[in-house]
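Structure at a glance
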Amino acid sequence: QVQLAESGGGLVQPGGPLRLSCAASGSIFSPNAMGWYRQAPGKERELVATITNFGVTDYADSVKGRFTISRDKNMVYLQMNSLKPGDTAVYYCGFKGFGVPVDYWGQGTQVTVSS
């Protein structure tokens, strides 16, 4: 089992920054990918960004140039800049192997972008 603990959500004004953190613990296997996914009310959960334990990253088109994912061993971070109201969602940290769906999820952290 892998446990994920997220932190860093909150309320931010449009155009502002916010940083999310996620710590993975437990039976960490390799290779793996950690990432951020989000779910807005009435919408399906979608990928935001992922990073493998080799440092390979992937981003949703909607966040490219604004969000940056980084990783330090079993910690993953999401630096979100130029936030828009459309970024409002519950953000989940996910942990997975290669080529398979997410195996483990964090509890989620609310991000609200509003003036």
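Further up the page is the structure itself.
Right, let's walk through the structure included here. On a predicted model such as this, the values are computed, not experimentally measured, just so you know.

Analysis parameters
- Residues numbered from 1 in each chain as written.
- Predicted model: local features only at pLDDT ≥ 70, side-chain atom pairs only at ≥ 80, totals over all residues.
- Heavy atoms only, no water.
- Pairing = 2+ DSSP bridges.
- Helix = DSSP H or I, 4+ residues; strand = E, 2+ residues; numbered from the N terminus.
- Axes fitted to C-alpha atoms, helices over the stretch in contact; angles between N-to-C directions.
- Contact = heavy atoms within 4.5 Å.
- Polar contact = N/O pair within 3.5 Å; in protein donor to acceptor, adjacent residues only side chain to side chain.
- Patch = residues over 30% accessible without salt bridge, like charges linked within 9 Å, V, L, I, M, F, W, Y side chains within 5 Å.
- Areas by Shrake-Rupley, 256 points an atom, 1.4 Å probe, with all protein chains shown as cover.
- Salt bridge = Lys/Arg side-chain N within 4 Å of Asp/Glu carboxyl O.
- Core = buried A, V, L, I, M, F, W, Y, C linked by side-chain atoms within 4.5 Å.
- Buried < 20%, exposed > 50% of the residue type's maximum accessible area, 1.4 Å probe, protein only.

This part covers the sheet that holds strand β8 (residues 75–80). Reading across the sheet, the four strands line up as β1-β3-β8-β7 and stay open at both edges, with antiparallel pairing between neighbours. Both edges of this open sheet fall to β1 (2–7) and β7 (67–72), since each of them pairs with a single strand only. Within this sheet the neighbouring strands show an average axis-to-axis angle of 15°, counted without direction. With six bridges connecting them, β7 and β8 associate as antiparallel partners. Bridging across to β8, S70 finds its partner in Y77.

Let's shift gears to the environment of Q110. Structurally, Q110 is set in strand β11 (residues 109–113). When the C-alpha positions of Q110 and A40 are compared, they lie 9.7 Å apart, and in sequence the two are 70 residues distant. Not counting chain neighbours up to four residues away, the residues in contact with Q110 comprise G9, G10, T88, A89 and V90. Engagement of the side chain of Q110 in a polar contact is seen with the side chain of T112, the distance being 3.3 Å.

With that settled, the discussion passes to a nonpolar patch on the surface. Judged by side-chain polarity, F54, V56 and F98 come together as a nonpolar surface patch covering roughly 340 Å² of accessible area. Note that V56 resides in the loop between β5 (46–52) and β6 (57–59).

This part takes up the nonpolar core. Residues L4, W36, L78, M80 and Y91 are the most contacted members of the largest nonpolar core, which totals 29 residues. Broken down by secondary-structure element, the contributors of at least two residues to this core are β1, β3 (18–26), β4 (33–39), β5, β7, β8, β9 (89–96) and β11. With sequence-adjacent residues up to four places away left out, Y91 is seen in contact with E6, L20, W36, Y37, R38, V48, F67, L78, M80, G108, T109 and V111.

What follows is about the pattern of salt bridges. Counted by the stated rule, this structure contains four salt bridges. Two residues, K64 and D61, come together in a salt bridge whose shortest N-O distance is 3.1 Å. According to the relative accessible area criterion, K64 is partly exposed, its value standing at 48%. For D61, a relative accessible area of 64% translates into the label exposed.

Taken by themselves, the reported measurements are silent on function.
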